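# Coordinate analysis (summary)
In case you want the letters, here they are:
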There are 2 protein chains.
Amino acid sequence: MAFKVPDDITLCLNEDRGREFLERIWNKKAAYCCVIGNTETAKIPGVSAAGADPAATDFTPAADMELLYFGRCKCIDGVPITPSGIPTPGIITMSALKLAPMPIFVVNGGVRVRPHVPCIDVDGTAGDDIRTGKAVKGAEKAYDRALVAGRQLAKMVDYLVVGESIPGGTTTALGVLTALGYDASGKVASTFPVNPHELKAQVVAEGIAASGLSPEALKNDAMAAVQAVGDPMMAPAAGLIAGAAESIPVLMAGGTQMAAVLAIIRSMDDTVLDNLALGTTRWITEDKTSDLRGIVSQIGNVPVMAANLNFSLSRYDGLQVYETGLVKEGVGAGGSAIAAMAATGGKVTCRSLLDEIEKNYTRLVSRR
Amino acid sequence: MAFKVPDDITLCLNEDRGREFLERIWNKKAAYCCVIGNTETAKIPGVSAAGADPAATDFTPAADMELLYFGRCKCIDGVPITPSGIPTPGIITMSALKLAPMPIFVVNGGVRVRPHVPCIDVDGTAGDDIRTGKAVKGAEKAYDRALVAGRQLAKMVDYLVVGESIPGGTTTALGVLTALGYDASGKVASTFPVNPHELKAQVVAEGIAASGLSPEALKNDAMAAVQAVGDPMMAPAAGLIAGAAESIPVLMAGGTQMAAVLAIIRSMDDTVLDNLALGTTRWITEDKTSDLRGIVSQIGNVPVMAANLNFSLSRYDGLQVYETGLVKEGVGAGGSAIAAMAATGGKVTCRSLLDEIEKNYTRLVSRR
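Here goes a summary of the coordinates provided. Each chain has its residues counted from 1, following the order in which its sequence is written. Written order decides the labels, with chains lettered from A and ligands numbered from 1. Per-residue local features are limited, in this predicted model, to residues with pLDDT of at least 70; the limit for side-chain atom pairs, both in listing and counting, is 80 or more; totals at the level of whole chains, interfaces and linings are taken over all residues. The side-chain numbers reported here are obtained from all heavy atoms of the structure, hydrogens and water having been left aside.

### Some remarks on the pattern of salt bridges
Salt bridge, as applied in this entry: a Lys or Arg side-chain nitrogen positioned within 4 Å of an Asp or Glu carboxyl oxygen. Taken as a whole and assessed by the stated rule, the structure comprises 34 salt bridges over all chains. With its nearest N and O atoms 3.4 Å apart, the salt bridge here joins A:E356 to A:K359. Note that A:E356 and A:K359 are positioned in helix α15 (residues 350–366) at a spacing of three residues, about one turn of the helix. Relative accessibility under 20% of the residue-type maximum defines a buried residue, over 50% an exposed one, and the middle range a partly exposed one, all with a 1.4 Å probe and only protein chains included. Its relative accessible area of 7% is what places A:E356 among the buried residues. For A:K359, a relative accessible area of 53% translates into the label exposed. Between B:R315 and B:E358 there is a salt bridge, and its shortest N-O distance comes to 3.3 Å. Residue B:R315 is located in the loop between β8 (304–307) and α13 (317–320), and its partner B:E358 is located in helix α15 (residues 350–366); the two are separated by 43 residues in the primary sequence. The secondary structure listing takes helices from DSSP runs of H or I that are at least 4 residues long and strands from runs of E that are at least 2 residues long, numbered from the N terminus.

Here's what the structure looks like:
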């Protein structure tokens, strides 16, 4: 009998491969990994909403990881919020991992604030503003370390789910995609409902110019592209995914930032692409201000799928507002929702997930 | 049919529990973890042979880890050696992991030299000379981080093997065992054939005095004992083991250093002791200059078992010399040998392991 994709997951690109991928991971055992980092790029006014204000974005990845492990943050009070007070998509991931428990690993690509959790260290450091053209140090080292870690994890589970948490990451995604020669203009997503494409394009153009590298030099060396205009999440995420995907399927949990990671993987080792899929949220795949499919289709035949999360009927304004296009994705929210459905053979649904999210929202946000 | 312990493993203490433990892990899936650290205590002349000279001991843990992952060291030429040129017991571990591959994880308790491998970071720092009485910082934080990591790993494998690499570790073991009120006088092992018990006792006495803590204060607070006269491997090793042993068996791979870790675990959470065993080498359990059984029997009903490694018939002087009591144990050599036998249902033997060790010895040492 052919595998039936549940209504709560929409195949959005390379559908046949997406169906196959889902069949391979259905009812299988996964581990969830999150690669975290900070980049000064997030502090350019107007770039990121992943923190109450630009300085607060330093704490967002660390706080997200504490939320996953402990159900609450330790390095900040409450949870990470946007400037308008909307809670982190980490609440979605945390709720998914609660309904379908799996081992959690954090890879520290380079953060300013360390989470109160164990981290797989890849000798990375926090990233600079990409307008310097020298945003990241030691990308290849981080890639290599993470590659080794991915291979170890692959020996222990059937598949891996890899998310990210790095404020400002869609701007650096535009940077690396552009540097690698893809047309990502106007296509990367944003935590804001109104996508500041012009600002991002200007920041990226400035960074590429400052790098002093020719378009050819950037295009042919993914690590150079990351070091010029990327962020410290990218190389270790690419290494971790590539190392695991040598032997097991990997669900890349994210939107256009993960598309940039996919582009890096293609440059580093295109033999693993068959083991990859992108899993994100409906808010990304239905977003009119970005174009995930338009990016991925330039990179390879990798399936894109979305968890049909819908908060329009939520009891809470702070969740309903996700339907207006604020936040959209992060901390592997969409992919972890898909993984929770897969791990439970479809017992977890977008509806049961929203119930769990609301429970956690009550506890963490509305009572504060 | 009762489980038959192979001739290549000797049960040395709490034999019935040892047999049960082996039966539980036989043919099961394991991960190997190594907790590494550095302590200035190793540089006290005469304390440690885990490096060509005291300064070289900084590199030993990092080099050992590279050996496990890559089959060769990266941060040094060749492999770690004793002052007389005898190679690290990491060659035994590496060979065991080659014959019975399992995922490898490194926990960085606090090192001076970082290995070229991914490390699980627990926010530890390298340790001071225990004569300061303030040898370790943030022991409880490292314990907590590692506890979380141990719980994650336990979700992915049937059992865990945990070794250590920290030069000077038997002196700090004496320190913590003494601080916790155990009689370890003349009982801890040594990398030297002639065990410098008097020197160690003097160093420990000095450290305990300098700590300014009363015997009661030390005895009742394992983390205070570690911070006073321990090393940065101990707290994360104890946390990692305790976290995993909440749900799965853990083979503590080591000699008297692991006995000190066991004493810490007993203080922190004695409900997990039933899931623990100590696995070491025949060179430790037959050592006349130390008394592992005498220590463990004071702590709890935890089984001790030894891999009957015997290098007396080796073609190489550098391996034969292990029979004179040099080195004896380290990097979880004995426990990883036992785990290799268990993982292969006894197909790996001390004989086949010696063949593999000699092969690696040829490649790494004799041709240099």
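### What to know about the interface of chain B and chain A
With 25 residues of chain B in contact, the opposing surface of chain A contributes 25 residues. Buried area counts how much accessible surface, traced with a 1.4 Å probe, disappears from two parts once they are put together, with both parts' losses summed. Carbon and sulfur atoms make up 65% of the surface buried where chain B meets chain A, a total of about 2,100 Å² over both sides. A per-residue breakdown of the area chain B buries against chain A is headed by B:P118, B:R145 and B:M156, which together make up 28% of the total. Run the count over chain B and chain A and you get four salt bridges. Residues count as neighbours in contact if any of their non-hydrogen atoms are within 4.5 Å of one another.

### Some thoughts on helix α2 (residues 60–70) of chain A
A large share of α2(A) lies buried, amounting to ten of its eleven residues. If you check which residues of α2(A) are buried, you get A:T60, A:P61, A:A62, A:A63, A:D64, A:M65, A:E66, A:L67, A:L68 and A:Y69.

### Overview of the packing of helix α5 (residues 169–179) of chain A against helix α6 (residues 197–211) of chain A
How two helices pack is summed up by the angle between their axes together with the distance between the axes. All names here are of chain A. The interhelical angle for the contact between α5 and α6, taken along N-to-C directions, is 50 degrees, at an axis separation of 9 Å. When the axes of α5 and α6 are compared, the pair comes out oblique. Judged by the twist between their axes, the crossing of α5 over α6 is right-handed. Across the interface between the two elements, T170, T171, L174, G175, T178 and A179 of α5 pack against K200, A201, V203, V204 and I208 of α6. Each residue belonging to the contact of α5 with α6 can be placed in one class, and the counts come to six nonpolar, four polar and one charged. To get an axis, a line is fitted to the C-alpha atoms, and for a helix only the part in contact is used. The angle between two axes follows their N-to-C directions and goes from 0 to 180 degrees. The cut-offs work like this: below 35 degrees is roughly parallel, past 145 is roughly antiparallel, 65 to 115 is roughly perpendicular, and the gaps in between are oblique. What makes a crossing left-handed is the near helix being turned counterclockwise from the far one by less than a right angle; a clockwise turn instead makes it right-handed. Classes in brief: Ala, Val, Leu, Ile, Met, Phe, Trp, Tyr, Cys and Pro nonpolar; Asp, Glu, Lys and Arg charged; the others, Gly included, polar.

### A short note on the pairing of strand β5 (residues 159–165) of chain A
All names here are of chain A. The element β5 is largely enclosed, with a buried count of seven among its seven residues. The two faces of β5 match: Y159, V161, G163 and S165 on one face and L160, V162 and E164 on the other face are all buried. Note on pairing: two strands pair once DSSP finds at least 2 bridges between them. Across seven bridges, the pairing between strand β2 (residues 30–37) and β5 is parallel. Note on β5: the bridge partner recorded for A30 is Y159. Note: β5 against strand β6 (residues 250–253), three bridges, orientation parallel. Its bridge partner being in β6, V162 is matched across the sheet by M252.

### Some words on the packing of aromatic side chains
Note on ring pairs: Phe, Tyr and Trp rings are taken, using the six-membered ring of Trp, and paired if centres are within 6.5 Å. Classes follow the plane angle, with under 30 degrees stacked, over 60 edge-to-face and the rest tilted. Throughout the structure, instances matching the rule amount to 13 aromatic pairs over all chains. With 4.7 Å between their ring centres and 45 degrees between their planes, A:Y316 and A:Y361 make a pair best called tilted. Placement of A:Y316 in the loop between β8 (304–307) and α13 (317–320) and of A:Y361 in helix α15 is noted, with a sequence separation of 45 residues between them. Both residues of the pair, A:Y316 and A:Y361, belong to the buried class. Ring geometry for B:W283 versus B:F311: centroids 4.8 Å apart, planes at 65 degrees, classification edge-to-face. Within this pair, whereas B:W283 is found in helix α11 (residues 282–285), its partner B:F311 is found in the loop between β8 and α13, the two being separated by 28 residues in sequence. Like B:F311, B:W283 is buried. An aromatic cluster is defined as three or more aromatic residues linked by ring pairs; in this entry it consists of A:W283, A:F311 and A:Y322.

### Observations regarding the relation of the copies chain B and chain A
Each copy superposes on the other: chain B lies on chain A with an RMSD of 0.0 Å after a rotation of 180 degrees and an axial shift of 0.0 Å. This pairing of chains is accounted for by a two-fold axis. Among all residues of chain B, the minimum C-alpha distance to the rotation axis is found for B:I120, at 2.1 Å. Most of the interface of chain B is mirrored in chain A: 100% of its interface residues are interface residues there too. The atoms used to superpose the copies are C-alpha atoms, taken from residues with pLDDT of at least 70 in both, and the fit is least squares.

### Some points on the environment of A:M65
When you line up the elements, A:M65 lands in helix α2. For A:M65 and A:W283, which are 218 residues apart along the polypeptide, the C-alpha to C-alpha distance reads 22 Å.

### A look at the state of the cysteines
Residues and elements named next belong to chain B. For this text, the term disulfide refers to a pair of cysteine sulfurs within 2.5 Å. Scanning all chains against the criterion turns up zero disulfides over all chains. Looking at C12, it has no disulfide partner, and the nearest cysteine sulfur is the one in C350, 12 Å off. Its relative accessible area of 8% is what places C12 among the buried residues. Counting only cysteine sulfurs, C33 is the nearest neighbor of C34, a cysteine outside any disulfide, at a range of 8.8 Å.

### Comments concerning the layout of surface pockets
Cavities and pockets were defined on a 1 Å grid built from protein atoms only: a cavity is a group of points that admits a 1.4 Å probe but offers it no way out, a pocket is an open group of points flanked by protein on both sides within 12 Å along at least five of seven lines, and a lining residue is one with an atom within 4 Å of any such point. Grid points are joined across faces, edges and corners, and a volume is the space filled by probe spheres set on the points. Space inside the largest pocket adds up to approximately 270 Å³. Considering the residues around the largest pocket, the lining is formed by 16 residues, among which A:L68, A:Y69, A:L97, A:I104 and B:K155 are closest to the centre. Elements that contribute at least two residues to the lining of the largest pocket include exactly α2 and α3 (90–99) of chain A together with α4 (139–154) of chain B. When the residues that make up the lining of the largest pocket are grouped by side-chain class, the tally is ten nonpolar, two polar and four charged. Looking at the second largest pocket, its volume works out to about 200 Å³. Forming the boundary of the second largest pocket are 13 residues, of which B:L68, B:Y69, B:L97, B:K98 and B:I104 lie nearest the centre. At the level of secondary structure, the elements contributing two or more residues to the lining of the second largest pocket comprise α2 (60–70) and α3 (90–99) of chain B. Residue composition of the lining of the second largest pocket, by class: nine nonpolar, two polar and two charged.

### Overview of the side chain of B:D64
Residues and elements named next belong to chain B. One can find D64 in helix α2. D64 sits in the buried class, given a relative accessible area of 2%. Aside from chain neighbours lying at most four places away, what touches D64 is P80, T88, G90, S165 and V331.

### Side note on the environment of A:M305
Residues and elements named next belong to chain A. Tracing the backbone through its elements, the reader meets M305 in strand β8. Placed 293 residues apart in sequence, M305 and C12 show a C-alpha to C-alpha distance of 5.3 Å. The residues contacting M305, other than those within four sequence positions of it, are I9, T10, L11, C12, G18, F21, L22, A277, L278, G279, T280 and I338.

### Some details on helix α5 (residues 169–179) of chain B
Residue and element names in this part refer to chain B. The buried fraction of α5 amounts to ten of the eleven residues, a majority that puts the element mostly inside the structure. Those residues of α5 that fall on the buried side of the exposure criterion are G169, T170, T171, T172, A173, L174, G175, V176, L177 and A179. As for α5, its buried residues are in contact with α6 (197–211), α7 (215–219), α8 (222–229), α9 (234–245), α10 (256–268) and α12 (292–299). The first or second residue beyond α5 is G181, which carries a positive phi of 90 degrees.

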